Amino acid sequence: MAGSTAELLPQELRILAAVADSGGFSAAAAALGLTQSAVSHSVRGSEAKVGAVLFERGRAGATPTPAGERAVALARRILRMYEVLGAEVRGASRGAVEGALRIAAFRSAALHLLPPALERLTARHPGIRPEIRVVREIGAGTAGEVAAGRADLGIATLGASHVAPGLLTGVLTQEAYRLVHPAGHPDPKGLPLMDWDENCGSYTRAWWRAQDWIPRATVKAEDDAMVLTMVGRGLGMAIMPELSLREAGEAVDITDLGPGGPVRQVGYVTTPESAATLAVRALIRELRSEKG
């Protein structure tokens, strides 16, 4: 399929994103208020323009090809810039920063890192409307939401999740891991190890493998809050990062793992185009603020 130099129009980009989001041409047509034939015609036209098949068609619907996944991600990001253009121009006419600000964060960051920064941000810029999605840090994680055009900025565990080429990152904080165990337990290192899927950074695992006292995890919980609750019930011990341990109560004791213990970097991920927007720049300033 030979591509041309014709550019995809905004409506064509919207249709590509709608087909990917809904999983089919008919569902996309219903969401956009179009006919199915109009959606099919638009997708075929887009494929001709870019010179690649963007969707695999089947009885179950339409699934993006690798080329389609890239096209849809870029389509979302381009459409987002159209939205930001309007918000920034309207704000500039009033000397304000305003509009929606889409943020993806893993659970403990959404609970403890974001709220003080957003409190200051919205106090300074009341026209900003934060939209927060909690995303598990598994696979592409929060960085994947940014790359796919579903978030303007992600709070990610840098080094643990894959950050696609071309994205911009910055470290916000470095947090140590600590041993958490039932309060007053005489032999916490003898307890079963509890873990959760997101606690999978290679920097942590390498340290774990060097510790002969750490057993293989026998209990895998859904998230860090569940691990903390189960430890408090006396069911085991865990090695957890500081953000997760901010919810620890009197039922657990926390022991430092020493200067050689594992640490993780928590930072932001954004796209070059979003990094240039006023709202994202303002949020990054607040996240980096020492007051946070």
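These figures come from a predicted structure and were not determined experimentally.

1. Quick word on the environment of E56
Mapped onto the fold, E56 is located in strand β1 (residues 55–58). For the pair E56 and L85, spaced 29 residues apart in sequence, the C-alpha to C-alpha distance is 33 Å. Beyond its immediate stretch of four places on either side in the chain, E56 contacts G61, A62, T63 and T65.

2. What about the pattern of salt bridges?
A complete count under the given rule lists 17 salt bridges for this structure. With its nearest N and O atoms 3.0 Å apart, the salt bridge here joins R102 to D152. Here D152 lies in the loop between α7 (141–147) and β5 (153–158) and R102 lies in strand β3 (residues 99–105), a separation of 50 residues in the sequence. Of the residues examined, R102 reaches a relative accessible area of 17% and is grouped as buried. With a closest N to O distance of 2.8 Å, R107 and E247 form a salt bridge. Note that R107 is positioned in helix α5 (residues 107–112) and E247 in the loop between α10 (242–245) and β10 (252–256), a separation of 140 residues in sequence. Three or more residues are tied together by salt bridges with common partners; here these are R80, E83, R102 and D152.

3. Description of the side chain of S46
By the element assignment, S46 lies in helix α3 (residues 36–50). Among residues more than four places away in sequence, those in contact with S46 are L8, E12, L16 and L54.

4. Digging into the pairing of strand β6 (residues 168–182)
Bridge count for β6 against strand β11 (residues 263–270) is 8 bridges, and the pairing is antiparallel. Among the inter-strand pairings, V171 is bridged to a residue of β11, identified as G267. Here β6 runs beside β10; their pairing, made up of 5 bridges, is antiparallel. When the sheet's bridge partners are listed, R178 is paired in β10 with D256.

The rules behind each value
Residues numbered from 1 in each chain as written. Predicted model: local features only at pLDDT ≥ 70, side-chain atom pairs only at ≥ 80, totals over all residues. Heavy atoms only, no water. Helix = DSSP H or I, 4+ residues; strand = E, 2+ residues; numbered from the N terminus. Contact = heavy atoms within 4.5 Å. Salt bridge = Lys/Arg side-chain N within 4 Å of Asp/Glu carboxyl O. Buried < 20%, exposed > 50% of the residue type's maximum accessible area, 1.4 Å probe, protein only. Pairing = 2+ DSSP bridges.

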